[in-house]
Amino acid sequence: MQSEGGGAGHGARHAAIIMDGNGRWAKRNRLPRAMGHYRGVEAVRRTVRAAGALGLECLTLYAFSSENWKRPEEEISDLMGLMRKFIASDLPEFIANGVRLKIIGDYTVLEPDIVAMLDDALARTANGQRTVAVALNYGSQQEIARAAAKAAQAGEITPESISAHLDTADLPPLDLLIRTSGEVRLSNFLLWQAAYAEMWFTDVLWPDFMPAHLEEALNSFAGRERRFGGR
Ligand code: FPP
């Protein structure tokens, strides 16, 4: 299929992933839950690399939702620890590969050292040609409410003005939304942005997600006819 906006043959510019199933992966492998998240970070690393190799302009990852604060303190602390390690270990690769880090959601309420690490990473990757957006303390309904309030303040509530105030305003339109682990729901992720996105669901648990799965999802996207409400 001929690509229109995208530089790659599949035609997609922006894919997003609800990375689900770390806990079930750990259980299935008789390992502690934290190990599922650890292996989840390895899947993040190879998927970021694959997204570049497959020509995506933007990859958005749901790493921590505004609802994830309801999880046990120990699990939250494990996830934040992994976040620290990931930034420290992978920032040089982001810079070397021209990857711009972006955060969606209100990350400023995270622990101060993580906020400082993220601010530093944002500044040092600002000139990257492709983007990896990480959703942290992100909730789509909250994002839409914030954007609508800003649009109202500016005196115009229209779909365009709301879109212009979303955290994702500077990203390409969302083409493809992927969710792993067999769950078929959006869980307060990119609700507005998904209006015309294609959806791709797989039973694969996130720690088992491979570049070939991303390629399969993009191939499936390339084969779908998008009509945007027309015919
Ligand atoms: C879902 O698995 C996964 C999460 C809630 C967190 C996703 C986080 C990572 C992959 C690691 C951190 C990310 C970065 C960018 C460093 P689950 O625990 O809900 O699994 P379950 O539904 O099987 O219990």
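In case you missed it, the structure is sitting above this.
Attention in this report is confined to the structure presented alongside it.

Rules used in this analysis
- Along each chain, residues carry numbers from 1 onward, in the same order as the chain's sequence is written.
- Local features are withheld for residues below a pLDDT of 70 in this predicted model, meaning they are given only at 70 or higher, and side-chain atom pairs are given and counted only at 80 or more; totals for whole chains, interfaces and linings count all residues.
- Side-chain calculation: all heavy atoms of the structure are included, whereas hydrogens and water are not.
- Working convention: axes come from line fits to C-alpha atoms, limited for helices to the stretch in contact. Angles between N-to-C directions cover 0 to 180 degrees.
- Numbering of helices and strands starts at the N terminus; helices are DSSP runs of H or I of at least 4 residues and strands are runs of E of at least 2.
- Angles are sorted into four bins: roughly parallel if under 35 degrees, roughly antiparallel if over 145, roughly perpendicular if 65 to 115, and oblique for all others.
- Here a crossing is taken to be left-handed if its near helix is turned anticlockwise relative to the far helix by less than a right angle, and right-handed if that turn runs clockwise.
- Contacts are assigned to residue pairs with any non-hydrogen atoms lying within 4.5 Å of each other.
- Residue polarity is assigned by list, with Asp, Glu, Lys and Arg as charged and Ala, Val, Leu, Ile, Met, Phe, Trp, Tyr, Cys and Pro as nonpolar; anything else, Gly included, falls into the polar class.
- In summary, the pairing rule links any two rings of Phe, Tyr or Trp, Trp by its six-membered ring, whose centres are within 6.5 Å, and it sorts them by plane angle into stacked for under 30 degrees, edge-to-face for over 60 and tilted for everything else.
- The rule is simple: take the accessible area with a 1.4 Å probe, protein chains only, and divide by the maximum for that residue type; under 20% is buried, over 50% is exposed, in between is partly exposed.
- Here a residue is near a molecule or strand as soon as one of its heavy atoms is found within 4 Å of it.
- Distance and chemistry together define a polar contact, namely a pair of N or O atoms within 3.5 Å, with one atom able to donate a hydrogen and the other to accept it when in protein, and with adjacent residues in sequence counting only for side-chain atoms on both sides.
- Values of accessible area rely on a 1.4 Å probe in the Shrake-Rupley scheme; residue burial ignores everything except the protein chains shown.
- Two kinds of site are reported from a 1 Å grid over the protein atoms alone, namely cavities, where a 1.4 Å probe fits but cannot get out, and pockets, open sets with protein on both sides within 12 Å along at least five of seven lines, and residues are called lining when an atom falls within 4 Å of a point.
- Pocket or cavity membership: a molecule qualifies when more than half of its atoms sit within 2 Å of the grid points of that site.

Some words on the packing of helix H3 (residues 73–96) against helix H4 (residues 112–124)
Point 1. Interaxial distance between H3 and H4 falls to 11 Å at its minimum, and their mutual angle equals 15°. In terms of orientation, H3 lies roughly parallel with respect to H4. Like other packed secondary-structure pairs, H3 and H4 cross with a definite hand, here left-handed. Counting all contacts with H3, which are made through Met80, Arg84, Ile87, Ala88, Leu91 and Ile95, the residues of H4 involved are Asp113, Ile114, Met117, Leu118, Asp120, Ala121 and Arg124.
Point 2. Its residues placed into classes, the contact of H3 with H4 shows nine nonpolar, no polar and four charged.

Quick look at the packing of aromatic side chains
The geometry of two aromatic rings is summed up by the distance between their centres and the angle between their planes.
Point 1. Under the definition given, this model contains seven aromatic pairs.
Point 2. Plain terms: the ring middles of Phe64 and Trp69 are 4.8 Å apart, the flat faces sit at 70° to each other, and that makes the pair edge-to-face.
Point 3. The exposure class assigned to Trp69 is partly exposed, which follows from its relative accessible area of 35%.
Point 4. For the ring pair Trp206 and Phe209, a centre distance of 4.9 Å and an interplane angle of 25° mean the geometry is stacked.
Point 5. Of the residues examined, Trp206 reaches a relative accessible area of 1% and is grouped as buried.

A word on the site of the ligand
Point 1. In the vicinity of the ligand there are 16 residues, among which Met19, Gly23, Arg24, Arg33 and Arg71 approach most closely.
Point 2. Between Gly21 and the ligand, the recorded distance is 3.4 Å, taken from a backbone N or O atom to an oxygen atom.
Point 3. Here Arg24 contributes a backbone N or O atom positioned 2.7 Å from an oxygen atom of the ligand.
Point 4. For the ligand, the protein covers 92% of the area, taking 620 Å² as the surface of the free molecule.
Point 5. Placement of the ligand is best described as lying within the largest pocket.
Point 6. Of all the elements in the fold, those that place two or more residues in the shell around the ligand are helix H1 (22–28), helix H2 (33–53) and H3.
Point 7. Top element by residues in the shell around the ligand is H2. It accounts for four residues.

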